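Report on the structure
Residues per chain are reported as follows:
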Amino acid sequence: MEKIIVRDVILKQNRIEYKVELSNGIADAFNQPFEYWVEYNEIVESLPKSIAIIPFICNVLPIVWVADAELCVPEIDEDFLMSLEKTKKAYVDMYPNIAFKGKLREEKVIKNEKNFKNEKRKSTAFFSGGVDSWATLVSHIGEDELNLVTIWGSDVKLDDDKSWKKVENYTQKVADSLNLKAIFIKSTFRESLNYTFLDNLISGKVRNNSWWYFIQHGIALIGHVAPYAYLNNIDLHYIPASCSAKDRNKQLASYKTIDETVKMAWCDVVHDQFELLRIERLKKIIDWRSLTGEEVVLRVCYSDDANGSNCSRCEKCYRTILEILSCNHNPADFGFNFSLADIVDVQIYFYENHKRLFVDKDYYYKRIIENVDSNRCDLESTGLFKYLKWLIDAEDIRKLQKVKSVRMYKLKTKIYKMLHG
Ligand SMILES: [Zn+2]
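This is a predicted model, so every value here is computed, not measured.

The helix and strand inventory of the protein chain stands at 19 helices and 11 strands. Taken over C-alpha atoms, the radius of gyration comes to 23 Å for the protein chain, in line with the 22 Å a tight globule of 421 residues would show. Overall, the protein chain is about 70 × 55 × 40 Å in size when its C-alpha atoms are taken along their principal axes. Every one of the 421 residues in the protein chain was classed for burial, and the buried ones make up 40%. When contacts within the protein chain are restricted to residue pairs at least 6 apart in sequence, long-range pairs at least 24 apart make up 72% of them.

Pairing between strand E4 (residues 70-77) and strand E5 (residues 103-110): 7 bridges, direction parallel. Residue pairing for E5: Leu 71 is matched across the bridge by Leu 104. With helix H4 (residues 78-94) bridging E4 and its parallel neighbour E5, the resulting β-α-β unit is right-handed.

Turning to the pairing of strand E1 (residues 3-12), a few remarks are in order. As paired elements, E1 and E4 share 3 bridges and run parallel to each other. Residue pairing across strands places Lys 3 opposite Glu 70, the latter belonging to E4. The pairing of E1 with strand E2 (residues 15-22) spans 8 bridges and is antiparallel. Its bridge partner lying in E2, Ile 5 is registered against Glu 21.

For the rest of this paragraph, the subject is the nonpolar core. Core analysis: the biggest nonpolar cluster contains 106 residues, and Ile 53, Val 149 and Met 264 have the highest contact counts within it. Looking at which element gives the most residues to this core, the answer is helix H3 (residues 54-66), with 10 residues. Beyond its immediate sequence surroundings of up to four residues, Met 264 is in contact with Ile 54, Asp 77, Phe 80, Val 225, Ala 226 and Ala 229.

This next bit is on unusual backbone geometry. With an omega of 0 degrees, the peptide bond running from Gln 32 to Pro 33 counts as cis. Residue position: Pro 33 is located in the loop between helix H1 (24-27) and strand E3 (37-39). Of note in this structure, Asn 233 is not a glycine but carries a positive phi near 50 degrees. Note that Asn 233 resides in the loop between helix H9 (225-231) and strand E9 (236-240).

Further remarks concern helix H8 (residues 211-223). Over its 13 residues, H8 extends 17 Å from the first C-alpha to the last, a length consistent with the 18 Å expected when each residue adds 1.5 Å. Within H8, the axis deviates most sharply at His 217, by approximately 55 degrees. Burial analysis of H8 places 11 of its 13 residues in the buried class, which makes it a mostly covered element. Listed in full, the buried residues belonging to H8 are Trp 211, Phe 214, Ile 215, Gln 216, His 217, Gly 218, Ile 219, Ala 220, Leu 221, Ile 222 and Gly 223.

The strand order across the open sheet formed by 11 strands is E5-E4-E1-E2-E3-E8-E7-E6-E9-E11-E10, and the pairing between neighbours is mixed. What marks the edges here is a single partner per strand, and that holds for E5 and strand E10 (263-264). Sheet contacts for H4: E4, E5 and E10; angle to E4, the most-contacted strand, approximately 140 degrees.

The next thing to look at is the environment of Glu 78. Relative to the helices and strands, Glu 78 resides in helix H4. Spatially, the C-alpha atoms of Glu 78 and Ala 265 are 7.1 Å apart, while their sequence positions differ by 187 residues. The contacts of Glu 78, once residues within four sequence positions are left out, are Val 109, Ile 110 and Lys 111.

Axis separation between helix H13 (residues 343-352) and helix H19 (residues 404-420) bottoms out at 9 Å; the angle between their running directions is 65 degrees. When the axes of H13 and H19 are compared, the crossing they make is right-handed. Within the contact between the two elements, H13 uses Val 344, Gln 347, Ile 348 and Tyr 351 and H19 uses Ser 405, Val 406 and Tyr 409. Residue composition of the contact of H13 with H19, grouped by class: 5 nonpolar, 2 polar and no charged.

The rules behind these values
Residues numbered from 1 in each chain as written. Predicted model: local features only at pLDDT ≥ 70, side-chain atom pairs only at ≥ 80, totals over all residues. Helix = DSSP H or I, 4+ residues; strand = E, 2+ residues; numbered from the N terminus. Rg over C-alpha atoms; globule rule 2.2 N^0.38 Å. Buried ≥ 20, exposed ≤ 12 C-beta atoms within 10 Å, placed from the backbone. Contact = placed C-beta atoms within 7 Å. Pairing = 2+ DSSP bridges. Right-handed = clockwise from strand over helix to strand, strands pointing away. Core = buried A, V, L, I, M, F, W, Y, C linked by C-beta atoms within 7 Å. Expected span 1.5 Å × (residues − 1). Bend = angle between axes of the 7 residues up to and from the residue. Axes fitted to C-alpha atoms, helices over the stretch in contact; angles between N-to-C directions. Left-handed = near helix turned anticlockwise from the far one by under 90°. Nonpolar A, V, L, I, M, F, W, Y, C, P; charged D, E, K, R; others polar.

This is the structure in C-alpha coordinates:
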(Lines give C-alpha, C1' and ligand atoms only; values in the text may rest on other atoms or scores of the structure.)
Protein backbone atom coordinates (compact mmCIF):
# COMPACT_ATOMS: atom_id res chain seq x y z
CA MET A 1 0.00 0.00 0.00
CA GLU A 2 1.26 3.48 -0.87
CA LYS A 3 2.14 5.61 2.17
CA ILE A 4 2.03 9.28 3.16
CA ILE A 5 3.86 9.59 6.49
CA VAL A 6 3.80 12.87 8.41
CA ARG A 7 7.16 12.82 10.23
CA ASP A 8 6.78 16.18 11.92
CA VAL A 9 4.56 19.22 12.24
CA ILE A 10 6.73 22.29 12.81
CA LEU A 11 5.23 25.39 14.41
CA LYS A 12 7.32 28.50 13.96
CA GLN A 13 5.87 31.94 14.64
CA ASN A 14 2.86 32.26 12.30
CA ARG A 15 3.63 29.19 10.20
CA ILE A 16 2.82 25.48 10.26
CA GLU A 17 5.08 23.30 8.16
CA TYR A 18 4.57 19.61 7.45
CA LYS A 19 7.54 17.27 7.09
CA VAL A 20 6.29 14.36 5.05
CA GLU A 21 7.66 11.14 3.60
CA LEU A 22 5.98 9.74 0.49
CA SER A 23 6.24 6.28 -1.03
CA ASN A 24 7.13 6.26 -4.72
CA GLY A 25 3.69 5.64 -6.23
CA ILE A 26 1.86 8.35 -4.26
CA ALA A 27 4.69 10.91 -4.56
CA ASP A 28 3.30 11.64 -8.04
CA ALA A 29 0.21 13.19 -6.44
CA PHE A 30 2.44 16.03 -5.20
CA ASN A 31 4.63 18.56 -6.93
CA GLN A 32 8.34 18.26 -6.31
CA PRO A 33 10.15 19.52 -4.34
CA PHE A 34 7.52 18.78 -1.70
CA GLU A 35 6.72 21.99 0.14
CA TYR A 36 3.68 22.12 2.34
CA TRP A 37 3.00 24.96 4.76
CA VAL A 38 0.23 27.22 6.00
CA GLU A 39 0.67 30.74 7.38
CA TYR A 40 -1.73 32.72 9.60
CA ASN A 41 -1.78 36.38 10.51
CA GLU A 42 -1.01 35.51 14.12
CA ILE A 43 1.49 33.44 16.12
CA VAL A 44 0.51 29.76 16.11
CA GLU A 45 3.37 28.29 18.18
CA SER A 46 1.11 27.33 21.12
CA LEU A 47 -1.08 25.06 18.96
CA PRO A 48 -1.24 21.37 19.85
CA LYS A 49 0.02 19.31 16.94
CA SER A 50 -3.25 17.34 16.99
CA ILE A 51 -4.93 20.54 15.75
CA ALA A 52 -2.08 21.89 13.63
CA ILE A 53 -2.23 18.76 11.51
CA ILE A 54 -5.89 19.24 10.52
CA PRO A 55 -5.27 21.51 7.46
CA PHE A 56 -2.95 18.89 5.99
CA ILE A 57 -5.25 15.94 6.70
CA CYS A 58 -8.32 17.67 5.22
CA ASN A 59 -6.46 18.32 2.00
CA VAL A 60 -4.75 14.97 1.67
CA LEU A 61 -7.31 12.50 2.99
CA PRO A 62 -9.41 12.42 -0.20
CA ILE A 63 -6.20 11.52 -2.08
CA VAL A 64 -5.62 8.71 0.42
CA TRP A 65 -9.20 7.47 -0.05
CA VAL A 66 -9.33 7.58 -3.83
CA ALA A 67 -5.76 6.34 -4.43
CA ASP A 68 -6.25 3.67 -1.72
CA ALA A 69 -3.17 4.74 0.25
CA GLU A 70 -2.30 4.97 3.93
CA LEU A 71 -1.87 8.26 5.81
CA CYS A 72 0.22 8.02 9.01
CA VAL A 73 0.11 10.92 11.46
CA PRO A 74 1.80 11.39 14.84
CA GLU A 75 -1.29 12.75 16.59
CA ILE A 76 -4.86 13.80 15.84
CA ASP A 77 -7.73 15.56 17.57
CA GLU A 78 -10.34 13.09 18.84
CA ASP A 79 -13.50 14.90 17.66
CA PHE A 80 -11.98 15.48 14.25
CA LEU A 81 -10.97 11.83 13.98
CA MET A 82 -14.47 10.67 14.96
CA SER A 83 -16.02 12.91 12.30
CA LEU A 84 -13.94 11.53 9.43
CA GLU A 85 -15.91 8.33 8.89
CA LYS A 86 -19.04 10.42 8.33
CA THR A 87 -17.15 12.61 5.90
CA LYS A 88 -15.99 9.57 3.96
CA LYS A 89 -19.52 8.19 3.85
CA ALA A 90 -20.80 11.52 2.51
CA TYR A 91 -18.31 11.24 -0.36
CA VAL A 92 -19.36 7.63 -1.03
CA ASP A 93 -23.01 8.72 -1.16
CA MET A 94 -22.25 11.60 -3.53
CA TYR A 95 -20.00 9.62 -5.87
CA PRO A 96 -21.12 5.98 -5.96
CA ASN A 97 -18.98 5.51 -9.10
CA ILE A 98 -15.73 6.30 -7.25
CA ALA A 99 -14.15 3.89 -4.73
CA PHE A 100 -13.19 5.57 -1.45
CA LYS A 101 -10.83 3.23 0.35
CA GLY A 102 -7.49 3.94 2.04
CA LYS A 103 -6.53 4.13 5.71
CA LEU A 104 -5.66 6.67 8.35
CA ARG A 105 -3.23 5.49 11.04
CA GLU A 106 -2.59 7.68 14.05
CA GLU A 107 -0.07 7.21 16.86
CA LYS A 108 -1.93 9.31 19.44
CA VAL A 109 -5.49 10.57 19.78
CA ILE A 110 -5.87 13.76 21.83
CA LYS A 111 -9.11 15.14 23.27
CA ASN A 112 -8.98 18.93 23.01
CA GLU A 113 -11.54 20.14 25.53
CA LYS A 114 -13.63 23.25 25.10
CA ASN A 115 -12.70 25.23 28.22
CA PHE A 116 -14.39 28.55 27.50
CA LYS A 117 -17.85 29.97 27.10
CA ASN A 118 -18.34 32.97 24.85
CA GLU A 119 -21.00 35.48 25.87
CA LYS A 120 -21.85 35.96 22.24
CA ARG A 121 -21.30 33.10 19.79
CA LYS A 122 -17.96 33.55 18.06
CA SER A 123 -17.79 32.38 14.47
CA THR A 124 -15.68 32.42 11.33
CA ALA A 125 -17.04 32.61 7.79
CA PHE A 126 -15.29 32.28 4.47
CA PHE A 127 -15.60 35.53 2.59
CA SER A 128 -14.87 36.21 -1.07
CA GLY A 129 -17.20 39.18 -1.50
CA GLY A 130 -19.67 37.40 -3.79
CA VAL A 131 -23.40 36.95 -3.32
CA ASP A 132 -23.04 33.73 -1.28
CA SER A 133 -20.46 35.24 1.09
CA TRP A 134 -22.48 38.39 1.65
CA ALA A 135 -25.65 36.35 2.29
CA THR A 136 -23.83 34.53 5.09
CA LEU A 137 -22.42 37.80 6.42
CA VAL A 138 -25.79 39.58 6.60
CA SER A 139 -27.49 36.50 8.09
CA HIS A 140 -25.15 36.24 11.08
CA ILE A 141 -23.65 39.65 11.68
CA GLY A 142 -26.20 40.45 14.35
CA GLU A 143 -26.25 37.20 16.29
CA ASP A 144 -22.53 36.29 16.10
CA GLU A 145 -19.17 37.88 16.66
CA LEU A 146 -18.11 37.23 13.10
CA ASN A 147 -14.59 36.82 11.65
CA LEU A 148 -14.14 36.88 7.87
CA VAL A 149 -11.65 34.34 6.48
CA THR A 150 -9.90 34.53 3.11
CA ILE A 151 -7.26 32.07 1.90
CA TRP A 152 -4.39 33.04 -0.40
CA GLY A 153 -3.51 30.01 -2.49
CA SER A 154 -7.12 29.11 -3.25
CA ASP A 155 -8.32 31.34 -6.13
CA VAL A 156 -5.25 33.57 -6.20
CA LYS A 157 -1.85 31.98 -6.87
CA LEU A 158 0.90 32.47 -4.32
CA ASP A 159 3.17 34.37 -6.72
CA ASP A 160 0.39 36.78 -7.73
CA ASP A 161 0.99 39.50 -5.15
CA LYS A 162 -0.88 42.09 -7.16
CA SER A 163 -4.19 40.18 -7.28
CA TRP A 164 -3.85 39.16 -3.65
CA LYS A 165 -3.34 42.77 -2.53
CA LYS A 166 -6.66 43.65 -4.22
CA VAL A 167 -8.46 40.79 -2.46
CA GLU A 168 -6.88 41.64 0.86
CA ASN A 169 -7.65 45.37 0.63
CA TYR A 170 -11.24 44.68 -0.38
CA THR A 171 -11.89 42.20 2.45
CA GLN A 172 -10.19 44.41 5.02
CA LYS A 173 -12.30 47.36 3.90
CA VAL A 174 -15.53 45.36 4.25
CA ALA A 175 -14.45 44.07 7.67
CA ASP A 176 -13.47 47.56 8.89
CA SER A 177 -16.70 49.12 7.67
CA LEU A 178 -18.72 46.61 9.70
CA ASN A 179 -16.39 46.39 12.67
CA LEU A 180 -15.51 42.74 11.98
CA LYS A 181 -12.16 41.00 12.03
CA ALA A 182 -10.55 39.81 8.79
CA ILE A 183 -8.30 36.77 8.86
CA PHE A 184 -5.89 36.02 6.05
CA ILE A 185 -4.37 32.58 5.58
CA LYS A 186 -1.67 31.70 3.06
CA SER A 187 -1.25 28.09 2.03
CA THR A 188 0.48 25.80 -0.48
CA PHE A 189 -2.49 23.41 -0.31
CA ARG A 190 -3.21 23.76 -4.04
CA GLU A 191 0.23 24.50 -5.39
CA SER A 192 1.74 21.44 -3.68
CA LEU A 193 -0.59 19.09 -5.57
CA ASN A 194 -0.11 17.57 -9.01
CA TYR A 195 -3.50 18.01 -10.65
CA THR A 196 -2.58 16.02 -13.75
CA PHE A 197 -2.22 12.95 -11.52
CA LEU A 198 -5.27 13.74 -9.37
CA ASP A 199 -7.65 14.60 -12.23
CA ASN A 200 -6.58 11.36 -13.85
CA LEU A 201 -7.57 9.42 -10.70
CA ILE A 202 -11.21 10.38 -11.29
CA SER A 203 -11.08 10.44 -15.07
CA GLY A 204 -14.51 9.93 -16.65
CA LYS A 205 -16.23 9.89 -13.25
CA VAL A 206 -16.99 13.59 -12.80
CA ARG A 207 -17.45 16.49 -15.22
CA ASN A 208 -14.14 17.81 -16.61
CA ASN A 209 -12.34 15.36 -14.25
CA SER A 210 -11.82 18.27 -11.86
CA TRP A 211 -10.25 17.12 -8.59
CA TRP A 212 -10.36 20.62 -7.15
CA TYR A 213 -14.00 21.27 -7.98
CA PHE A 214 -15.57 17.90 -7.20
CA ILE A 215 -13.32 16.31 -4.58
CA GLN A 216 -10.97 18.75 -2.90
CA HIS A 217 -12.10 22.26 -2.18
CA GLY A 218 -14.81 21.85 0.49
CA ILE A 219 -13.07 20.11 3.35
CA ALA A 220 -9.62 21.36 2.23
CA LEU A 221 -10.71 24.95 2.78
CA ILE A 222 -12.52 24.11 6.04
CA GLY A 223 -9.43 22.42 7.51
CA HIS A 224 -7.49 25.68 7.33
CA VAL A 225 -9.81 27.20 9.93
CA ALA A 226 -9.01 24.63 12.67
CA PRO A 227 -5.82 26.32 14.00
CA TYR A 228 -7.48 29.72 14.09
CA ALA A 229 -10.64 28.30 15.70
CA TYR A 230 -8.59 26.62 18.42
CA LEU A 231 -6.50 29.70 19.25
CA ASN A 232 -9.43 32.13 19.22
CA ASN A 233 -12.22 30.14 20.91
CA ILE A 234 -14.35 29.98 17.78
CA ASP A 235 -17.65 28.11 18.30
CA LEU A 236 -18.74 27.69 14.71
CA HIS A 237 -17.52 27.99 11.15
CA TYR A 238 -19.75 28.98 8.22
CA ILE A 239 -19.05 27.97 4.67
CA PRO A 240 -21.32 29.99 2.37
CA ALA A 241 -23.20 27.58 0.11
CA SER A 242 -22.78 28.07 -3.61
CA CYS A 243 -25.21 25.28 -4.56
CA SER A 244 -28.77 25.33 -3.35
CA ALA A 245 -30.99 22.53 -2.08
CA LYS A 246 -33.36 23.60 -4.88
CA ASP A 247 -30.76 23.14 -7.65
CA ARG A 248 -30.65 19.98 -9.73
CA ASN A 249 -26.86 19.87 -9.38
CA LYS A 250 -26.10 17.63 -6.39
CA GLN A 251 -22.40 16.99 -6.93
CA LEU A 252 -19.77 19.39 -5.65
CA ALA A 253 -16.85 19.05 -3.21
CA SER A 254 -18.33 21.77 -1.03
CA TYR A 255 -21.83 20.54 -0.29
CA LYS A 256 -23.99 20.44 2.82
CA THR A 257 -23.80 16.66 3.19
CA ILE A 258 -19.99 16.71 3.16
CA ASP A 259 -19.01 19.99 4.83
CA GLU A 260 -21.20 19.59 7.90
CA THR A 261 -19.69 16.22 8.83
CA VAL A 262 -16.40 17.92 9.73
CA LYS A 263 -15.82 18.76 13.39
CA MET A 264 -12.58 20.41 14.47
CA ALA A 265 -12.25 19.86 18.24
CA TRP A 266 -15.45 21.61 19.46
CA CYS A 267 -15.91 23.72 16.34
CA ASP A 268 -18.83 22.69 14.14
CA VAL A 269 -19.25 23.57 10.48
CA VAL A 270 -22.41 24.99 8.93
CA HIS A 271 -22.92 24.93 5.17
CA ASP A 272 -24.82 28.16 5.23
CA GLN A 273 -27.86 29.46 3.25
CA PHE A 274 -28.08 26.17 1.36
CA GLU A 275 -31.88 26.27 1.44
CA LEU A 276 -31.90 29.49 -0.60
CA LEU A 277 -31.38 30.06 -4.31
CA ARG A 278 -28.74 32.54 -5.40
CA ILE A 279 -31.39 35.13 -6.20
CA GLU A 280 -33.01 34.63 -2.79
CA ARG A 281 -29.61 35.17 -1.16
CA LEU A 282 -29.30 38.39 -3.13
CA LYS A 283 -32.75 39.53 -1.94
CA LYS A 284 -31.59 38.93 1.63
CA ILE A 285 -28.55 41.17 1.02
CA ILE A 286 -30.70 43.88 -0.59
CA ASP A 287 -33.15 43.81 2.32
CA TRP A 288 -30.32 44.04 4.85
CA ARG A 289 -28.80 46.97 2.99
CA SER A 290 -32.15 48.78 2.94
CA LEU A 291 -32.71 48.08 6.62
CA THR A 292 -29.27 49.04 7.93
CA GLY A 293 -28.18 51.63 5.37
CA GLU A 294 -24.79 49.87 5.23
CA GLU A 295 -22.77 49.92 2.05
CA VAL A 296 -22.66 46.63 0.07
CA VAL A 297 -19.93 46.40 -2.56
CA LEU A 298 -20.16 42.95 -4.11
CA ARG A 299 -17.05 41.40 -5.64
CA VAL A 300 -18.22 38.66 -7.98
CA CYS A 301 -15.75 39.02 -10.84
CA TYR A 302 -12.68 36.95 -11.63
CA SER A 303 -11.87 38.70 -14.89
CA ASP A 304 -8.34 40.04 -15.42
CA ASP A 305 -9.95 43.34 -16.44
CA ALA A 306 -11.62 43.67 -13.07
CA ASN A 307 -8.81 45.66 -11.46
CA GLY A 308 -9.86 44.78 -7.94
CA SER A 309 -13.55 45.37 -8.38
CA ASN A 310 -15.97 44.06 -11.03
CA CYS A 311 -15.37 44.31 -14.78
CA SER A 312 -19.17 44.68 -15.19
CA ARG A 313 -19.16 42.90 -18.55
CA CYS A 314 -18.35 39.19 -17.98
CA GLU A 315 -20.91 36.43 -17.47
CA LYS A 316 -20.73 36.57 -13.67
CA CYS A 317 -21.01 40.37 -13.65
CA TYR A 318 -23.90 40.43 -16.12
CA ARG A 319 -25.69 37.68 -14.22
CA THR A 320 -25.42 39.59 -10.94
CA ILE A 321 -26.36 42.90 -12.60
CA LEU A 322 -29.53 41.32 -14.05
CA GLU A 323 -30.34 39.72 -10.71
CA ILE A 324 -30.09 43.11 -8.99
CA LEU A 325 -32.16 44.81 -11.71
CA SER A 326 -34.81 42.07 -11.52
CA CYS A 327 -35.08 42.83 -7.80
CA ASN A 328 -35.83 46.45 -8.77
CA HIS A 329 -32.50 47.85 -7.60
CA ASN A 330 -29.61 49.68 -9.18
CA PRO A 331 -26.43 47.62 -9.85
CA ALA A 332 -24.36 50.80 -9.41
CA ASP A 333 -25.33 50.72 -5.72
CA PHE A 334 -23.71 47.29 -5.34
CA GLY A 335 -20.29 47.85 -6.89
CA PHE A 336 -21.03 47.62 -10.63
CA ASN A 337 -20.12 50.15 -13.27
CA PHE A 338 -23.39 49.84 -15.13
CA SER A 339 -26.00 52.22 -16.48
CA LEU A 340 -29.28 51.27 -18.14
CA ALA A 341 -27.90 52.28 -21.54
CA ASP A 342 -25.51 49.32 -21.20
CA ILE A 343 -28.43 46.87 -21.43
CA VAL A 344 -27.86 46.69 -25.20
CA ASP A 345 -24.42 45.17 -24.53
CA VAL A 346 -26.08 42.57 -22.32
CA GLN A 347 -28.53 41.71 -25.10
CA ILE A 348 -25.70 41.18 -27.58
CA TYR A 349 -23.81 39.13 -24.99
CA PHE A 350 -26.91 36.93 -24.61
CA TYR A 351 -27.08 36.43 -28.36
CA GLU A 352 -23.37 35.59 -28.66
CA ASN A 353 -23.34 33.22 -25.64
CA HIS A 354 -26.86 31.87 -25.88
CA LYS A 355 -26.03 28.19 -25.52
CA ARG A 356 -23.67 28.75 -22.61
CA LEU A 357 -26.25 30.76 -20.71
CA PHE A 358 -29.33 28.66 -21.39
CA VAL A 359 -27.78 25.20 -21.29
CA ASP A 360 -24.85 25.30 -18.84
CA LYS A 361 -26.20 28.00 -16.55
CA ASP A 362 -29.90 27.89 -17.31
CA TYR A 363 -30.89 27.46 -13.65
CA TYR A 364 -29.54 30.94 -12.90
CA TYR A 365 -31.06 32.63 -15.93
CA LYS A 366 -34.45 30.96 -15.60
CA ARG A 367 -34.68 32.29 -12.02
CA ILE A 368 -33.86 35.81 -13.20
CA ILE A 369 -36.60 35.59 -15.84
CA GLU A 370 -39.07 34.28 -13.26
CA ASN A 371 -38.13 37.16 -11.01
CA VAL A 372 -38.67 39.74 -13.75
CA ASP A 373 -42.03 38.18 -14.49
CA SER A 374 -43.19 38.09 -10.89
CA ASN A 375 -41.90 41.62 -10.10
CA ARG A 376 -43.44 43.07 -13.24
CA CYS A 377 -45.71 45.58 -11.48
CA ASP A 378 -42.93 46.95 -9.25
CA LEU A 379 -40.51 47.05 -12.17
CA GLU A 380 -43.05 48.95 -14.26
CA SER A 381 -43.57 51.47 -11.48
CA THR A 382 -39.85 52.32 -11.39
CA GLY A 383 -39.54 52.25 -15.18
CA LEU A 384 -37.10 49.31 -15.14
CA PHE A 385 -39.40 46.81 -16.83
CA LYS A 386 -38.88 48.20 -20.33
CA TYR A 387 -35.16 47.42 -19.98
CA LEU A 388 -35.80 43.86 -18.86
CA LYS A 389 -38.86 42.65 -20.76
CA TRP A 390 -36.71 41.23 -23.62
CA LEU A 391 -35.39 38.73 -21.06
CA ILE A 392 -38.76 36.99 -20.76
CA ASP A 393 -38.40 35.58 -24.28
CA ALA A 394 -34.58 35.45 -24.37
CA GLU A 395 -34.43 31.67 -24.10
CA ASP A 396 -35.92 31.49 -27.60
CA ILE A 397 -33.05 32.51 -29.88
CA ARG A 398 -35.44 33.46 -32.70
CA LYS A 399 -37.17 35.96 -30.43
CA LEU A 400 -33.85 37.27 -29.13
CA GLN A 401 -32.74 37.89 -32.71
CA LYS A 402 -35.68 40.27 -33.12
CA VAL A 403 -34.48 42.57 -30.32
CA LYS A 404 -33.34 45.84 -31.92
CA SER A 405 -29.76 45.86 -30.61
CA VAL A 406 -29.25 42.23 -31.69
CA ARG A 407 -30.67 42.95 -35.18
CA MET A 408 -28.31 45.92 -35.55
CA TYR A 409 -25.39 43.87 -34.28
CA LYS A 410 -26.12 41.06 -36.75
CA LEU A 411 -26.36 43.54 -39.56
CA LYS A 412 -23.10 45.25 -38.63
CA THR A 413 -21.32 41.89 -38.37
CA LYS A 414 -22.68 40.91 -41.80
CA ILE A 415 -21.49 44.13 -43.42
CA TYR A 416 -18.10 43.81 -41.76
CA LYS A 417 -17.72 40.28 -43.12
CA MET A 418 -18.71 41.41 -46.61
CA LEU A 419 -16.13 44.21 -46.53
CA HIS A 420 -13.33 42.22 -44.92
CA GLY A 421 -14.09 38.72 -46.18
ZN1 LIG B 1 -16.74 40.64 -14.48
